[in-house]
Amino acid sequence: MNDAEQLLDEMHKRNIVATHVTYNTLIDGYRKVGELDQAVKLKERMKMENVEPNLVTFNTLLSGLCRSRRMEEAKKCFWK
């Protein structure tokens, strides 16, 4: 997953705009390997780069957090 995030950094350096698809793919990858903290951080980076999280973003994060029994964090993620 670090390689994928490095690619995202490289895209930013080259002024290539990452889309919802880019971010959601990375967030889902983090979810699949159980790195939910990284997935949540990536959602925040997404917002900082003016790409608003969409339904896929929230569904992916909520799925991972709920399956990991992190219900309070799932609620916070949804209402932020």
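Here the structure is a predicted model, which means the values were calculated and not measured. (Residues numbered from 1 in each chain as written. Predicted model: local features only at pLDDT ≥ 70, side-chain atom pairs only at ≥ 80, totals over all residues. Heavy atoms only, no water.)

**Q** How should I be thinking about the overall build of the protein in this particular structure?
**A** The helix and strand tally for the protein stands at five helices and zero strands. Taken from N to C terminus, the helices and strands of the protein fall in the order α-α-α-α-α. In terms of its C-alpha atoms, the protein occupies a principal-axis envelope of roughly 40 × 25 × 15 Å. Residues classed as buried in the protein amount to 34% of the 80 residues present. Within the protein, contacts between residues at least 6 apart in sequence are counted, and of these 51% link residues at least 24 apart. Accessible surface, the protein as shown: approximately 5500 Å² in total, 54% of it carbon and sulfur. Computed over 14 positive and 12 negative side-chain charges, the inter-centroid distance for the protein is 5 Å. (Helix = DSSP H or I, 4+ residues; strand = E, 2+ residues; numbered from the N terminus. Buried < 20%, exposed > 50% of the residue type's maximum accessible area, 1.4 Å probe, protein only. Contact = heavy atoms within 4.5 Å. Areas by Shrake-Rupley, 256 points an atom, 1.4 Å probe, with all protein chains shown as cover. Lys, Arg positive; Asp, Glu negative; His and termini not counted. Charge placed at Lys NZ, Arg CZ, Asp CG, Glu CD.)

**Q** For this particular structure, what's the right way to read helix H2 (residues 20-32)?
**A** Note on helix geometry: an α-helix contains 3.6 residues per turn, so any two residues three or four positions apart are oriented the same way. Look at H2: 18 Å from first C-alpha to last across 13 residues, which is about the 18 Å you get at 1.5 Å a residue. Taken together, the buried positions of H2 are occupied by Tyr23, Asn24, Leu26, Ile27, Asp28, Gly29 and Tyr30. Tucked inside the fold, the buried residues of H2 contact helix H1 (2-13), helix H3 (36-48) and helix H4 (55-67). Positive backbone phi, approximately 80°, marks glycine 34, located one or two places after H2. (Expected span 1.5 Å × (residues − 1).)

**Q** How should H4 be read in this particular structure?
**A** With 13 residues, H4 extends 18 Å between its outermost C-alpha atoms, agreeing within 8% with the 18 Å of an ideal straight helix rising 1.5 Å per residue. Listed in full, the buried residues belonging to H4 are Thr57, Phe58, Thr60, Leu61, Gly64 and Leu65. For H4, the angular spread of buried residues about the axis comes to 165°, placing them on one side. Away from its buried face by more than 90 degrees, H4 exposes Leu55 and Arg67. (Arc of directions from axis to C-beta.)

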